[in-house]
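Structure at a glance
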Amino acid sequence: MNRSLCNSESKLRSYLGIGNTVISDNLLAILKNTCDNYPSSVEKFIELLKYIQNNNIHTTSFNELVSLHELVAPHDCAVVSMLSIHFNLAIGTIANLGAQTPYVEDLYRKLCSGHAIGVYLATELAHGNNLIAIETQANYLPEKGVFILNSPSQNAYKFMPNTTPCELPKVAVILAQLNVSGRKYGIFPFILPLSVNGKLTPGVKITPLGDKPGFYLDNAITSFNNVEIPFEGLLAGNMITLTREGKVSLHTKELTERFSLITNRIHSGKLCMAVISVTAAKSALHITSTYGNKRQTFGYSGTMPIINYSHFKEGIAWDTLSTITHALYLRELTRKVSIILSESVKSFKFPDKLLIEIITTKSLCTWRTQEILINCRERCGAHGLFTLNKIPNYLISNFGAITSEGDNLVLSLKAGRMIILNKMKEINKASFQHDLFSILNDYMDFLYEKLNKLIVNNNKRINLDTFNNHSGDFLELSQTYAVLSVVTTTIDTYHNNNDDFYMIIEGYLLDWIHRTMSNLLRSEVINLQESQRIDERRIEYIRKHADRINDYITSFGVDKIGIETPISSNDYITWYADNHHQLRK
């Protein structure tokens, strides 16, 4: 191999490392603390906040914030959730929509300095992710210059933000219906400390929900009874001007437009969830690969490691291919979002094209990771059931990622609808066209034309019957769009690196075509003979490249960020035996 090829391969591998940074001993000591209940998780998060402040980590950069998500995610799924809520949802919303008043600036500084924990109160018992329908009311009283925050019924109780009191005060960004002089203006965020000097703010009621297995987040039900929020507590950006006397000037007229501006950090949170998910896949594959190379079994040629069996080796290789490709893609998508956020902080919203890309990416990555984690759990046998070996916790965490910042199924259906209504028939063509790309591209064209005809016949609207009768097609359109976005972006970003990159893209396309094969045949995008040739190509491909693909697992750098589990230690039998003796003592 020539020197330039070696350098390009090294560069490609460097893009796959978790966090792409050197982790300090002090940070490692914090992350390796074991938590077995939500108070210990909160304590760990507080230590992390202190570390971030003391070491001047720039969390205002979305790119840096995502790297921090990557570092924390393999160690503790609850703490990385707190991290995302605190920095992305709470601080991000205030930065985007908060006025520079002493009240807002004081609370914002406390959050940024780690002297308070940011929480985000959006979803309600009766409304879940249907945020536009939430019932929490914020009525402005001009005679007092305050908003009165109320939960009018049990339906409006906030479920299930991490609001349980702890040693630090919690500052909440609360979504509520804004009412002024009897007129409703829709959803707006408000900023409020949930406690002052160690006591709950009058009218705030918080009831802890207890632990979720393996996911020790301090979730609670939170309600409000005539809670006063100062005049400056409304986070409205440039959408509305409200005087102390109660006069309103509405600058952003459309309710849906205001809602988009208000919820923009939920969308960047979707990207955070995808990154957390793919990082869990990296760690699980490291654990499983190490186990496969060390676990001995009796085979046809005598004693050998179980990875010698093709079903084990090739199964890991297919999962590794997806993880590599998604990691490369997320790196570039994060860079793109980070640039946009840094250029436009105030009253920012995502354009529809980028929003569709983020929505479909979150579903694609977290659903695929769920398969990978289940596969890894099974490949590790009984060892894979133990919490000490991480994989069960990753599964629980990924369940959360699938649901958080919008349920995947709902998001994917929404994205399919947006693709049609925005006439986004074409994915930007990559500079280098892979021969397998056209098959999935033709399938997307088929789905688009099929659904678009229904819309044309229905006067440019999608009614409930159309949506229900063709939900499978909307989902397929959304997922195919996501896969094509992944391929085109990664090709254009990384295609000059090395031959391994083209090998990875070929495998990724073969895998997704294989997954979609029945639909490709049914839609007549390919015929039976073509499907048989692709299947033969797929078998030949993985037999040839499985070892080469699995070698990339070392590039994830899981060892370097301090993940220690018995199953992936140098001698897991010794580890268990040593701990057995320690316990007996």
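The paragraphs below set out a description of the structure included in this document. On a predicted model such as this, the values are computed, not experimentally measured, just so you know.

Rules used throughout
- Residues numbered from 1 in each chain as written.
- Predicted model: local features only at pLDDT ≥ 70, side-chain atom pairs only at ≥ 80, totals over all residues.
- Heavy atoms only, no water.
- Buried < 20%, exposed > 50% of the residue type's maximum accessible area, 1.4 Å probe, protein only.
- Helix = DSSP H or I, 4+ residues; strand = E, 2+ residues; numbered from the N terminus.
- Arc of directions from axis to C-beta.
- Contact = heavy atoms within 4.5 Å.
- Salt bridge = Lys/Arg side-chain N within 4 Å of Asp/Glu carboxyl O.
- Phe/Tyr/Trp six-rings, centres within 6.5 Å; stacked < 30°, edge-to-face > 60°.

Examining helix α6 (residues 102-112)
Side chains three or four residues apart in an α-helix point the same way, a direct result of the helix having 3.6 residues per turn. Turning to α6, its buried residues number three or more, namely Tyr103, Val104, Leu107, Tyr108 and Leu111. All buried residues of α6 project into a common sector of 120° when viewed along the axis, lining one side. Across α6 from its buried face, at more than 90 degrees, point the exposed residues Pro102 and Arg109. Among the structural elements, α5 (77-97), β1 (117-121), β5 (170-180), β6 (183-193) and β11 (227-230) are those in contact with the buried residues of α6.

Focus on the pattern of salt bridges
Under the defined criterion, the tally for this structure stands at 23 salt bridges. The shortest N-O distance in the salt bridge between Lys282 and Glu70 comes to 3.8 Å. Taken together, the residues span a long stretch of sequence, with Lys282 in helix α8 (residues 264-294) and Glu70 in helix α4 (residues 62-72) at a distance of 212 residues. Judged by relative accessible area, which is 2%, Lys282 ranks as buried. Linking Arg515 and Glu371 is a salt bridge whose minimum nitrogen-to-oxygen distance equals 2.9 Å. One end of the pair, Arg515, is in helix α16 (residues 499-515); the other, Glu371, is in helix α10 (residues 352-379), with 144 residues separating them in the sequence.

A closer look at the packing of aromatic side chains
Per the counting criterion, the structure on display carries nine aromatic pairs. Consider the rings of Tyr140 and Phe231, whose centres lie 5.8 Å apart with planes at 55°: the pair is tilted. Of the two residues, Tyr140 sits in strand β2 (residues 137-141) while Phe231 sits in the loop between β11 and β12 (240-242), which places them 91 residues apart along the sequence. Here a set of aromatic residues connected by ring pairs shows up, and it is made of Tyr15, Tyr494, Phe501 and Tyr502.

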